[in-house]
Amino acid sequence: MSAGAEVNAAPDRPRYRVQRWSRSSLTSLGFVLVGLVLLVSVPITLNDNAVEQFTSLLLFVILAGMWNALAGYGGLVSVGQQGFIGIGAYATIWLTQHGVQPYLAMVLAAGVAAALSLPISALVLQLRGGQFAIGTWVVAAVLGILVTLDSSLGGGTGTSLTALNGYGQSTRLRYTYWLTLAFTIVVFGLSWWLLRSRFGAALQAIRDDEEAAASVGVRVLPLKLVLFVLAAFGCGAAGAMILANTLFIQPQSIFGVQWTAYMIFMVLVGGLGTFEGPILGAVIYFGLQYYFADQGAWYFVGLGVVAILFALLLPRGLWSLVEERTQVRLLPVGYRLTREGSGRRRAG
Amino acid sequence: MSLLQVEDLEAGYGLLKAVRGISFSVEEGERIALVGANGAGKTTLLRCLAGAHQPSAGRVSFDGADVTSAPAYKRVASGVAMVPEGRRLFQALTVRENLQVAAENGRPGPWDVARVTEAFPMLEPLLDRRASTLSGGQQQAAAIARSLMTNPRLLLLDEVSLGLSPVAVQSVYDSLEGLDRSRATLILVEQDLTRALAFADRVLCMLEGRVVLEGAANSLTREQVTQAYFGLRQAAGGS
Amino acid sequence: MTWANLIVQGVMLGGIYALLACGLSLLFGVMRIINLAHGDIAVLGSYLVYVVCDHLGWSPFLALVIALPVMLVLGYLLQLGILDRSLRGGQLVPLLTTFGLAIVIQNLLLQVFSPDVHSLAPYAPWISTASWNVTSQISVPLIGVLGLVAAVAVLGGLQAFLHRTPLGRAMRATAQDADTAALVGIHPKAVYARATAIAVATATLAGTFLAIRATFDPSSGSTQLIFAFEAVVIGGLGSLWGTLWGGIALGVAQAIGGHIDPQYAILAGHILFLAVLASPRGRVIAHGVAA
């Protein structure tokens, strides 16, 4: 089955077809759908503690996916996504302080983060490489300071999401989980759609060689902007849900650079630039922090060392090992070249 | 013993093979022209000789020693210098500084700023100008002068006539002609067939990574070279 | 405090920022790497000095005699083990590895020294408190003068090194075009190692001055990195003296902001930085190339 185009119609040359879907990718799509159904049913089948843990896991998946969207697809290494995480959390606080229903506030807060990313992009998107990295870091630091200075938002000592006090614990955990799951599906769906669209090829081109891409007409800046806004939305959503999960936040921690450290770790270990890699990385990270987070500073040293080793030795992450062995893709984002007449495939 | 010996050299970029099994040798004092169409592999071959590109197979020997895997800066110490395609002067440095840097990091020997401005008189007034302000022809002269400052025994020149006016090209070749043969053996990559045949002792013509014609410049006819250049067969025309 | 006094304080602080920044700028110019661990290296240097002062009772400047060589060795290992390998990986890898390194250094310091805040001032009691009253309004602290003098001396020395010595010329050539530098006999790795050594040494010196003037703790590295970067951007990439002006501008902005309200000090610096970014100059900086 294909929606293919014929290439190379010269008589004595083999014919190839360009396909998007193949048998294996349909199978994996099936698995994904089944997985989603299972995920939706988690609050119904599992206990409160499990629901909370799954929510954490999904939050890591979102964060990893968003950082990968910036660095893996767009070549933008951001060390400042915590700025948007904090915006998402504090926008939720502000909205609920003004009477908005808490879960609606969380959705709106993600939108606020996306909206704020537009003027921020005007400052930082012109920068490249390390300058962009530190530029985003400064922006995040500024946002953190501004929040700390605002006493109505609790200032330096932190604040709670009191608007959720009216919900029973189980109910609160369930709604929080489902909203987090919804956000996860939305941001990953948008990422997948972006990759499959003509943006996808353009993004690959930019990542490989920005100037060359621009010289063949790829509109570099708008594409980077799309990624930047998407990542801001996703991180803002994550920030709002982190607040919903933990109920209490402080500027130093929610705007802290350790979030970037987690994101870099997840994406490097899982697989930079792949669709599936961040998910794998998030799962691994979730496991690690579940068992080792109480080790304090040593835990972070370990994260850092592992990240360095992966960056130097296996930059395409663990998923690249899986991909090479099995040619498995969760969802098709590229093109496959298949020879007509034979069942054999060559990956595109 | 030949100054340079190349055996079964192969080199490429990923899956793309640019040099497919080339062997030849160069004697001290010779002037060799490497000709061929774009994409024939000339620059890649030259870069392998200079140490700027790692070959995937084969051997390069210089003065009896195997230098196949030696990096570029080590080859300069042995006496191999390359004037890269596009001149590649250090733009923010002055001409004098470009020359100094090469002298300070090359081999000891007779070349110095005075000698080099004698060989390339046009450089004399330009010595304290920033390299970025020079014209194409001036940059080419400066680039060759810079390589000479490392006192090479083998000088590799990649497309020195590229992008230059005919007058500038003539000036460059006049200066090259004036170089003492006992001091520098030359291998030039050159697109201009007439110049190549006029200047060189020996010509190697490359096509798709292989040497398809080799011989003394004065014994080859233009037709022979042109045909080899374009890959035309002697017998019946057409591919 | 009058305006004049504020500016004097700002200039002195700015000199140290410039000293902190020149290493970052040099590494970027020569290797095209923004070392995200630069600030943490400066803090590591401060801690090393602190350890020597604490155990031997020496003054910080004397302690540098021991601390600097140790830092240089660490810098050499850093270059060999991480930076050089990162260069081969492409554009993103150096950022990722240096960020990882920053996290590692910060948390190792945290583990070894605890989150307590320290200062080197007690080990240089006279130097850190002495000051002249130039007029009734302006007071010039000795440590400030020393810092500014050190900054100008180092920057001047570095400028002379780059423009008047063979090694310096080789470094500038490599910064321009590393491949062609190899073609004239320069060993790029050796150049990189020297650049890293200079960056680490100047960062350690700057870190020591900052530690005498104020306090430091394991997490100070991030802030110092940001200050260094802001000084470079405000001053304009590409010239060492530009970095000095950038550092001074940053110092003055922080002094003025801090005068309005202590909480605004760092914020004022950030705002100046963002304003420079937003200006047409910012566009130049974004596409500019260093040294």
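Note that the structure is a prediction, hence the values are computed from the model and not measured.

**Regarding the overall build of chain C**
When helices and strands are tallied, chain C shows 13 helices and four strands. Seen through its C-alpha atoms, chain C measures out along the principal axes to roughly 60 × 50 × 35 Å. Looking at chain C residue by residue over its 291 residues, the buried ones come to 55%.

**Focus: the interface of chain C and chain B**
Interface extent is often summarised as the accessible area lost during association of the parts. Counting residues at the interface gives 15 residues for chain C, matched by 24 residues for chain B. Those elements that provide at least two residues to the side of chain C that touches chain B are α7 (166–176) and α8 (178–183) of chain C. Broken down by element, the residue count for the side of chain C that touches chain B peaks at six residues, all from α7(C). Looking at the side of chain C that touches chain B residue by residue, the class counts come to seven nonpolar, four polar and four charged.

**Description of the sheet that holds strand β5 (residues 65–66) of chain B**
All names here are of chain B. Spatially, the four strands line up as an open sheet ordered β2-β1-β4-β5, and their pairing is antiparallel. The open sheet has two edge strands with one neighbour each: β2 (16–26) and β5. Bridging between strand β4 (residues 57–62) and β5 involves two bridges; their strand directions are antiparallel. Considered in β5, the bridge of F62 is made with A65. Across the sheet, helix α1 (residues 42–50) lies against β1 (4–13), β2 and β4, angled at about 60 degrees from β2, the strand it touches most.

**With respect to the packing of helix α3 (residues 60–89) of chain C against helix α4 (residues 92–113) of chain C**
Residue and element names in this part refer to chain C. Between α3 and α4, whose axes approach to 7 Å, the crossing angle comes to 150 degrees. Of the possible angle classes, the one that applies to α3 and α4 is roughly antiparallel. Counting all contacts with α3, which are made through I82, L83, S86, L87 and G89, the residues of α4 involved are V93, P94, T97 and L101. Taken together, the residues of the contact of α3 with α4 break down into six nonpolar, three polar and no charged.

**Digging into the environment of A37(C)**
Inspection of the secondary structure assignment puts A37(C) in the loop between α1 (3–31) and α2 (38–56). When the C-alpha atoms of A37(C) and L162(C) are compared, they prove to be 24 Å apart, with 125 residues separating the residues in sequence.

**Brief notes about the interface of chain A and chain C**
With 36 residues of chain A at the interface, the matching set in chain C holds 35 residues. For the side of chain A that touches chain C, the element with the highest residue contribution is helix α6 (residues 129–149) of chain A, accounting for twelve residues. Within the side of chain A that touches chain C, the residues separate by chemical class into 28 nonpolar, seven polar and one charged.

**Examining helix α12 (residues 265–278) of chain C**
Between its first and last C-alpha atoms α12(C) spans 20 Å; for 14 residues at 1.5 Å apiece the expected length is 20 Å, and the two agree. Inspection of α12(C) places L267(C), A268(C), G269(C), H270(C), L272(C), F273(C), L274(C) and L277(C) among the buried residues, and these make up the whole buried set.

**Quick look at the environment of G129(A)**
Looking at the secondary structure, you find G129(A) in helix α6. Judged by C-beta crowding, with 18 C-beta atoms within 10 Å, G129(A) ranks as partly exposed. Spatially, the C-alpha atoms of G129(A) and G88(A) are 26 Å apart, while their sequence positions differ by 41 residues. Leaving out residues up to four positions away in the same chain, G129(A) has contacts with I34(C) and Q91(C).

**Describing the arrangement of the chains**
Contacts are most numerous between chains A and C, taken over all two pairs of chains that touch. At no point do chain A and chain B touch; the closest pair of C-alpha atoms across them sits 15 Å apart.

**Things to note about the environment of L123(A)**
By the element assignment, L123(A) lies in helix α5 (residues 102–124). A tally of 18 C-beta atoms within 10 Å means that L123(A) is categorised as partly exposed. Here the alpha-carbon distance between L123(A) and V216(A), two residues 93 residues apart in the chain, equals 26 Å. When residues no more than four places from it in sequence are discounted, the contact partners of L123(A) are V139(A), L274(C), L277(C) and A278(C).

**A few points about unusual backbone geometry**
Unlike most non-glycine residues, D8(B) shows phi in positive territory, near 50 degrees. Within the element layout of this structure, D8(B) appears in strand β1. In this structure, S114(C) is a non-glycine residue whose phi angle is positive, near 70 degrees. Here S114(C) lies in the loop between α4 and β1 (118–119).

**A closer look at the pairing of strand β7 (residues 154–158) of chain B**
Successive side chains on a regular strand alternate, one facing one side of the sheet and the next facing the other. Residues and elements named next belong to chain B. Along β7, five of the five residues are buried, which leaves the element largely enclosed by surrounding structure. A two-sided burial pattern is seen for β7, the buried positions comprising L154, L156 and D158 on one face and L155 and L157 on the other. Sheet analysis places strand β6 (residues 80–83) next to β7, joined by four bridges and oriented parallel. Note that in β7 the partner of M82 across the bridge is L156. Relative to strand β8 (residues 185–189), β7 is paired through five bridges, and the arrangement is parallel. Along β8, the bridge assignment pairs L154 with T185. In this region the chain leaves β7, passes through helix α6 (residues 166–177) and returns to the parallel neighbour β8; the handedness of that crossover is right-handed.

Parameters and conventions
Residues numbered from 1 in each chain as written. Chains lettered and ligands numbered in written order. Predicted model: local features only at pLDDT ≥ 70, side-chain atom pairs only at ≥ 80, totals over all residues. Helix = DSSP H or I, 4+ residues; strand = E, 2+ residues; numbered from the N terminus. Buried ≥ 20, exposed ≤ 12 C-beta atoms within 10 Å, placed from the backbone. Contact = placed C-beta atoms within 7 Å. Nonpolar A, V, L, I, M, F, W, Y, C, P; charged D, E, K, R; others polar. Pairing = 2+ DSSP bridges. Axes fitted to C-alpha atoms, helices over the stretch in contact; angles between N-to-C directions. Parallel < 35°, antiparallel > 145°, perpendicular 65-115°, else oblique. Expected span 1.5 Å × (residues − 1). Right-handed = clockwise from strand over helix to strand, strands pointing away.

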